[in-house]
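Single-letter residue listing:
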Amino acid sequence: MFFQNVIYLFGGVGLFLFGMKLMGDGLENYAGSRLKNILEKLTSNKIMGILVGALVTGIIQSSGATTVMVVGFVNAGLMNLYQATSVIMGANIGTTVTGLLVSFRIMEYTPIAIAIGGGIALFSSKAKTKELGNILLGFGILFLGMQIMGSSMKPLAESDSFKNIILFMSNNWFLGIIVGAVATAAIQSSSATTGLLITLVNTGVVGMNLVLPIIFGCNIGTCVTAMLSSINTSNAAKKSAIIHLLFNSLGTIIFLPLIPVLINIVGYLSPGDYGRQVAYCHIIFNISNTIILYPFIGSLVSLSNKIVKGEDEEDIMTLKYIDKRFLGTPQIGLSQSYKEVLRMANIAKDSLSFSIDSFLNRDDKMIKKVYELEKLINMLDKEITDYLVRVSSKTFNDDDHEKITNLFHIINDLERIGDHAENIADLSMEVCGKNINISKPALEQVKHMFDEAIKVLIDAIECFETVDENKLHTVLSTEAYIDRLEREYRESNIKRLNNGECTADESTIFLDIISNIERVSDHCTNVAEHALNV
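The following refers to the structure shown.

Before going further, it helps to spend a moment on the overall build of the chain. When helices and strands are counted, the chain shows 23 helices and 0 strands. The buried share among the 534 residues of the chain stands at 53%. For the chain, the proportion of contacts with a sequence separation of at least 24, taken over those separated by at least 6, is 81%. In the structure as shown, the chain presents an accessible area of about 23500 Å², 59% of it carried by carbon and sulfur atoms.

If you want it as structure tokens, here you go:
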């Protein structure tokens, strides 16, 4: 009988976690592009950081996932430690939403939620409506898990051995903290641990004097995910994970002596409803901890700097904006992919600029820069593509899949622009190596074509940034002009060759240069056209 109850208990926990994940994913996907912009609103304002952290965690139903994202943002250099600390504080507040939700006694509505949510998720053809079904289905499965946990725990209330264990732990707050931390670290969800505590309290198995130390331990245990995530990251990312641990540990130290006071407060707020009291304790602890430690954000950052010493050197040959930690929240991962593609576009622009400078000025240093940037462009091409493949395997609607497909095309065109820049650098090296003299009229034509090519590339990048249809028209107009220039300059080159004004080597180099520039403009047109669909 005992083992049967244990099996039911683990089954209930599994359903609870699955329901919470399904509901969180549904909320995230339903929010769609709005969720992508939430963290973009973060400024140096620490209050805004707390609100953003609470809102994101309330949507994705996991403070651990939010903190892992924060580690990723800090690792990418998109967020400093002060911003990260405020978001972490907000995440702790946002994670109390699930506990409050499960504290309401609405078990009788569970079958209705599962039936309606399952029907919508299975038979709806619209992506948004399907996500609403997943939210409702996850909600129902979550409470079904709660019911199974409650049923499996009731017989334990009659067990003398279990009562003795509870009595021993009730007199040992430190042991309660350890139990909460280990349990949460194991299942990687403080919300699930809180839900189990609410079930235990409602069945009369444990009292509030034991629940509170376990809740404090839950907040420490949820730091484990972020700590593991910070392995092999920058020092700044490690510091953000340390700050998360410091924040929750200091909160526990502050509130341990106040347990009797906290029990009296929640008893007054919800007399007789112990499950609600657990949820209120979780909320009061996290909000109060944030209020108390908010003025000491600078001190937390300073302490993390002492624990993890040293600053990070920037490594250009690496991804800057995307991180595997964002895969848990694919909308954020997709948003960060846009930034990495934009970075790739600007690097391609620099490479093209350096290649023409190397040709016009016979500059060996510029040639080396082009080759270095070509390696970076190729690396970004591979890594961003691999990342988008992984992102696309997550739950997305048809619109998001179309955006990802267009990003693949844009990445490919940017890589080709890098190749043409390298071709021009190779031609520059040939000119220098063979000491080929290019006539002044030819150089002026190359420069004019190049100026137009840079212009069209900048407009294509702006089209990608702003999704502006007017920019596409500008790109198409400039690209048509470059096509005309190439035809005209080919004819003028033939005249120079016939008149003996240039050599065969000079003619070949010139034609290859303007051909590469014209191909660049073609790829810019492709970028702009695909940009309108991302």
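Let's pick the thread back up.
So, about the packing of aromatic side chains. Following the criterion strictly, the structure yields 3 aromatic pairs and no others. Taking the centre distance of 5.2 Å and the plane angle of 75 degrees together, the rings of phenylalanine 255 and phenylalanine 285 count as edge-to-face. Of this pair, phenylalanine 255 sits in helix H14 (residues 235–255) while phenylalanine 285 sits in helix H16 (residues 274–293), and the two are 30 residues apart along the sequence. The exposure class of phenylalanine 255 is buried, given its relative accessible area of 6%.

Before going further, it helps to examine unusual backbone geometry. A positive phi is found at asparagine 435, a non-glycine position, where the angle reads about 55 degrees. Mapped onto the elements of the fold, asparagine 435 is located in the loop between helix H20 (398–434) and helix H21 (440–466). Note on asparagine 435: relative accessible area 53%, which makes it exposed. A positive phi is found at valine 467, a non-glycine position, where the angle reads about 50 degrees. By the element assignment, valine 467 lies in the loop between H21 and helix H22 (469–498).

The next point concerns the nonpolar core. Membership of the largest hydrophobic core comes to 86 residues, with the highest contact counts inside it found for Phe464 and Ile517. For isoleucine 517, the contacting residues outside a window of four places in its chain are Ile356, Ile424, Val446, Met449, Phe450 and Ala453. Leu212, Ile214, Phe216 and Phe255 belong to the second-largest nonpolar core, a separate cluster that totals 20 residues.

Within the secondary structure, phenylalanine 16 is located in helix H1 (residues 2–31). Considering only alpha carbons, one finds phenylalanine 16 and glutamine 147, 131 residues apart in sequence, at a separation of 9.5 Å.

Regarding helix H17 (residues 297–307), the residues found buried are Ile297, Leu300, Val301 and Ser304. Viewed end-on, H17 has its buried residues packed into an arc of 100 degrees, placing them on one side of the element.

In this section: the side chain of asparagine 219. Residue position: asparagine 219 is located in helix H12 (residues 208–221). Looking at asparagine 219, its side chain comes within polar contact range of the main-chain oxygen of isoleucine 215, at 3.0 Å. Residue contacts for asparagine 219: discarding those within four places in its chain leaves Asn92, Asn248, His282, Phe285 and Asn286.

Here we take up the packing of H12 against helix H15 (residues 259–269). H15 packs onto H12 with a crossing angle of 110 degrees between their chain directions and a minimal axis gap of 10 Å. Between H12 and H15, the angle is such that the two are roughly perpendicular. Across from Met208, Asn209, Leu212, Pro213 and Phe216 in H12, the residues of H15 making contact are Ile259, Leu262, Ile263 and Val266.

Following the criterion strictly, the structure yields 11 salt bridges and no others. Residues glutamate 340 and arginine 343 are paired through a salt bridge, measuring 2.8 Å at the closest nitrogen-oxygen approach. You can see glutamate 340 and its partner arginine 343 sitting in helix H18 (residues 330–361), 3 residues apart, about one turn around the helix. The exposure class of arginine 343 is buried, given its relative accessible area of 15%. In the salt-bridge network here, residues are joined through shared partners; they are Asp459, Glu462 and Lys471.

Moving on: the environment of valine 370. Positionally, valine 370 belongs in helix H19 (residues 364–392). In this structure the C-alpha to C-alpha distance between valine 370 and serine 358, which are 12 residues apart in sequence, comes to 8.9 Å. Contacts of valine 370, omitting those with residues within four sequence positions, involve Ser351, Phe354, Ser355, Ala421, Glu422 and Ala425.

The next subject is the environment of leucine 212. Relative to the helices and strands, leucine 212 resides in helix H12. Non-local contacts of leucine 212, meaning those with residues more than four positions away in its chain, are made with Ile259, Leu262, Ile263 and Cys281.

At a minimum axis distance of 9 Å, the contact between H21 and helix H23 (residues 504–531) shows a crossing angle of 15 degrees. On the basis of the axis angle, H21 is roughly parallel to H23. The chirality of how H21 crosses H23 is left-handed. Facing H21, whose interface residues are Ala442, Gln445, Val446, Met449, Phe450, Ala453, Val456, Leu457, Ala460, Cys463 and Phe464, H23 presents Glu506, Phe510, Ile513, Ile514, Ile517, Glu518, Ser521, Cys524, Val527, Ala528 and Ala531. Grouping the constituent residues of the contact of H21 with H23 by class yields 18 nonpolar, 2 polar and 2 charged.

Inspection of the secondary structure puts serine 521 in helix H23. With residues up to four places along the chain from it excluded, the contact list for serine 521 reads Val456, Glu479, Ile482 and Asp483.

On the surface, a cluster of nonpolar side chains totalling about 510 Å² of accessible area is made up of Leu258, Val261, Ile265, Tyr268 and Leu269. Mapped onto the secondary structure, tyrosine 268 falls in helix H15.

Conventions used here
Residues numbered from 1 in each chain as written. Predicted model: local features only at pLDDT ≥ 70, side-chain atom pairs only at ≥ 80, totals over all residues. Heavy atoms only, no water. Helix = DSSP H or I, 4+ residues; strand = E, 2+ residues; numbered from the N terminus. Buried < 20%, exposed > 50% of the residue type's maximum accessible area, 1.4 Å probe, protein only. Contact = heavy atoms within 4.5 Å. Areas by Shrake-Rupley, 256 points an atom, 1.4 Å probe, with all protein chains shown as cover. Phe/Tyr/Trp six-rings, centres within 6.5 Å; stacked < 30°, edge-to-face > 60°. Core = buried A, V, L, I, M, F, W, Y, C linked by side-chain atoms within 4.5 Å. Arc of directions from axis to C-beta. Polar contact = N/O pair within 3.5 Å; in protein donor to acceptor, adjacent residues only side chain to side chain. Axes fitted to C-alpha atoms, helices over the stretch in contact; angles between N-to-C directions. Parallel < 35°, antiparallel > 145°, perpendicular 65-115°, else oblique. Salt bridge = Lys/Arg side-chain N within 4 Å of Asp/Glu carboxyl O. Left-handed = near helix turned anticlockwise from the far one by under 90°. Nonpolar A, V, L, I, M, F, W, Y, C, P; charged D, E, K, R; others polar. Patch = residues over 30% accessible without salt bridge, like charges linked within 9 Å, V, L, I, M, F, W, Y side chains within 5 Å.

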